Amino acid sequence: MGQRSGRQERSKKPEVALSETMEAEIEVQNNKEETQEMKAKNQKLTSVFGVADLKNEAIGLYNLGQSCCLNSLLQVFFMNIRFTRILRRITVPPSPGQRRSNVPYQMLLLLEKMQCGKCKAVGPTDLACCLSEHRVKLFVQHDAAQLFLTLWNLLKKQMKNPELVAELSDLYTICIQEHLACQKCSFEIKSNSTMLTLPLPVLDASSHRLKTLEDSLQYFFHPEELTGQNMCFCQQCGRKTTFLQSMKLVHPPQTLTLHLKRFCFERSFRTHKLSHSLPFPQELDLREVLTEDQCLANDSEKATWQYELFAVVAHSGSTSCGHYCAYIWSLTECKWYCFNDSEVCQVSWDDVKCTYGHSNLYWRETAYLLFYMKKHPQEPCSGVTQCL
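Definitions and limits used
- Residues numbered from 1 in each chain as written.
- Predicted model: local features only at pLDDT ≥ 70, side-chain atom pairs only at ≥ 80, totals over all residues.
- Heavy atoms only, no water.
- Helix = DSSP H or I, 4+ residues; strand = E, 2+ residues; numbered from the N terminus.
- Buried < 20%, exposed > 50% of the residue type's maximum accessible area, 1.4 Å probe, protein only.
- Contact = heavy atoms within 4.5 Å.
- Areas by Shrake-Rupley, 256 points an atom, 1.4 Å probe, with all protein chains shown as cover.
- Salt bridge = Lys/Arg side-chain N within 4 Å of Asp/Glu carboxyl O.
- Pairing = 2+ DSSP bridges.
- Axes fitted to C-alpha atoms, helices over the stretch in contact; angles between N-to-C directions.
- Phe/Tyr/Trp six-rings, centres within 6.5 Å; stacked < 30°, edge-to-face > 60°.
- Polar contact = N/O pair within 3.5 Å; in protein donor to acceptor, adjacent residues only side chain to side chain.
- Expected span 1.5 Å × (residues − 1).
- Parallel < 35°, antiparallel > 145°, perpendicular 65-115°, else oblique.
- Nonpolar A, V, L, I, M, F, W, Y, C, P; charged D, E, K, R; others polar.

A. Molecular detail of the overall build of the protein chain. Secondary structure assignment for the protein chain yields 13 helices and 18 strands. A burial count over the protein chain gives 45% of its 388 residues as buried. Taking as baseline every contact in the protein chain between residues at least 6 positions apart, the subset at least 24 positions apart corresponds to 67%. Summing over all exposed atoms, the protein chain offers an accessible surface of approximately 20900 Å²; the carbon and sulfur share of this is 51%.

Pasting the structure below:
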């Protein structure tokens, strides 16, 4: 018995050692495969986005005092890799005073601070001081659509390189054509213009709620008859007549910004928030939303009118006391994040859908600005210059 037991013990030891060796080799091989897979993934991301853009991590911004609106918009800018590519190529102002008052440069410094630091959040103090020099008030509530326009104008004005300005315009500028036609004769007026955002109504002319984002887009481009006090002077008729006003989309940008007009003025001159539900899709194909009469582009141009949701700036609270946060899709990590000042956390699409709105919950987060990014962007400066 003892001898058999001893032989069995001796025969098992090599088997155990062989098993452990094989497991170790398999683990090493798996690690090598994972490492190679990660390297291949990083090389692919680098080829698409660039080395510096891979550092676009979800870093929060401290609230300086009612700066949630500014923080949310800055996060949307910084998480847009096409924007940061432009920002990194700006000309650095020569003097310290010029650098302190230059918005693009201060945004670049803040971006580098966010990417180089290991803190969960950084303070946008220098940029806020820079903005105050340009009459952007601090420690007050801002409207996100208005502040977005202000930041955009300052960026465009202070970027000295014409090529970068053109790229910035192509990234965000919407080209439309306004068409006015006299209903008494054949007189017509056509004019091209650019917009930073499409101001989409959430109610129709009869104050009925529009049910989806697609409904809002169709209603914005739907022809409107100008009658009564809104009549226009017709040069051919020599008097004011009824005109038909229509808008046509000429060229949508790489990043399409939609402004949901949830704040409206009542007869008492008080601002009221419209919080009813208005669903918006993750994927938006403008060819399926707009009719042929609402577009002014060839088929090759329209083929690029396919978008994916990139960011949502949401508002919670009332018009007099509110708060902003941003839900942003990370292009490098392929994840949704919620940026709530210094607090940043990963969220799901269901969390983003909670910003659709709800009639009975006025303090709930409600989508206010929607940012859609082209699936297949064209080369810079392909469409905007045709509109100018």
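From this point on, the discussion continues.
B. How the structure looks around the pattern of salt bridges. Going through the model one piece at a time under the given rule, you end up with 8 salt bridges. Between Glu 167 and Arg 89 there is a salt bridge, and its shortest N-O distance comes to 3.0 Å. One end of the pair, Glu 167, is in helix α8 (residues 162-172); the other, Arg 89, is in the loop between α3 (81-87) and α4 (96-100), with 78 residues separating them in the sequence. Put simply, Lys 120 and Glu 343 hold a salt bridge, and the shortest N to O gap is 2.9 Å. With a gap of 223 residues between them, Lys 120 in the loop between α5 (103-116) and β2 (121-122) and Glu 343 in strand β17 (residues 343-347) connect regions that are remote in the sequence. A single salt-bridge network, built from bridges that share partners, covers Arg 89, Glu 163 and Glu 167.

C. Highlighting α8. In terms of burial, α8 is a largely internal element, 8 of the 11 residues being buried. Along α8, the positions that sit buried rather than exposed are Leu 164, Val 165, Glu 167, Leu 168, Ser 169, Asp 170, Leu 171 and Tyr 172.

D. Just the sheet that holds strand β3 (residues 174-182), in detail. In space, the 4 strands of this open sheet follow the order β4-β3-β9-β6, with antiparallel pairing throughout. In this open sheet, the two edge strands, each paired with only one partner strand, are β4 (188-195) and β6 (224-226). Averaged over neighbouring strand pairs, the angle between their axes works out to 30 degrees when direction is ignored. As defined by bridge partners, β3 adjoins strand β9 (residues 243-251) across 8 bridges and the pair is classed as antiparallel. Note on β9: the bridge partner recorded for Glu 178 is Met 247.

E. Quick look at the packing of aromatic side chains. For the coordinates displayed, the defined rule picks out 14 aromatic pairs. Each ring, one from Phe 263 and one from Tyr 368, has its centre 5.0 Å from the other, and the planes form 65 degrees; the classification is edge-to-face. Taken together, the residues span a long stretch of sequence, with Phe 263 in strand β11 (residues 263-265) and Tyr 368 in strand β18 (residues 366-374) at a distance of 105 residues. Taking the centre distance of 6.4 Å and the plane angle of 55 degrees together, the rings of Tyr 337 and Phe 339 count as tilted.

F. Region of the structure containing unusual backbone geometry. For Gln 66, which is not glycine, the phi torsion reads 60 degrees and is therefore positive. Mapping Gln 66 onto the fold places it in the loop between β1 (60-61) and α2 (68-78). Residue class for Gln 66 comes out partly exposed when judged on its relative accessible area of 41%. Phi at Asp 341 is positive, roughly 55 degrees, even though this residue is not glycine. Within the fold, Asp 341 resides in the loop between β16 (335-340) and β17.

G. How the structure looks around the side chain of Gln 75. The topology assignment puts Gln 75 in helix α2. At 2.7 Å, the side chain of Gln 75 forms a polar contact with the backbone oxygen of Ile 59. Sequence-distant contacts of Gln 75, defined by excluding residues within four places in its chain, comprise Ile 59, Gly 60, Leu 61, Met 114, Ile 328 and Phe 339.

H. Representation of α5 within the structure. With 14 residues, α5 extends 20 Å from end C-alpha to end C-alpha; this agrees with the ideal 20 Å at 1.5 Å per step. Taken together, the buried positions of α5 are occupied by Val 103, Pro 104, Tyr 105, Gln 106, Met 107, Leu 108, Leu 110, Leu 111, Met 114 and Gln 115. Sitting at the head of α5, Asn 102 places a side-chain oxygen 2.9 Å from the backbone nitrogen of Tyr 105.

I. Inspection of the packing of α2 against α5 at higher detail. Between α2 and α5, whose axes approach to 11 Å, the crossing angle comes to 80 degrees. On the basis of the axis angle, α2 is roughly perpendicular to α5. The residues of α5 that touch α2, namely those facing Leu 74, Gln 75, Phe 77 and Phe 78, are Met 107, Leu 110, Leu 111 and Met 114. Considering only residue class, the contact of α2 with α5 consists of 7 nonpolar, 1 polar and no charged.

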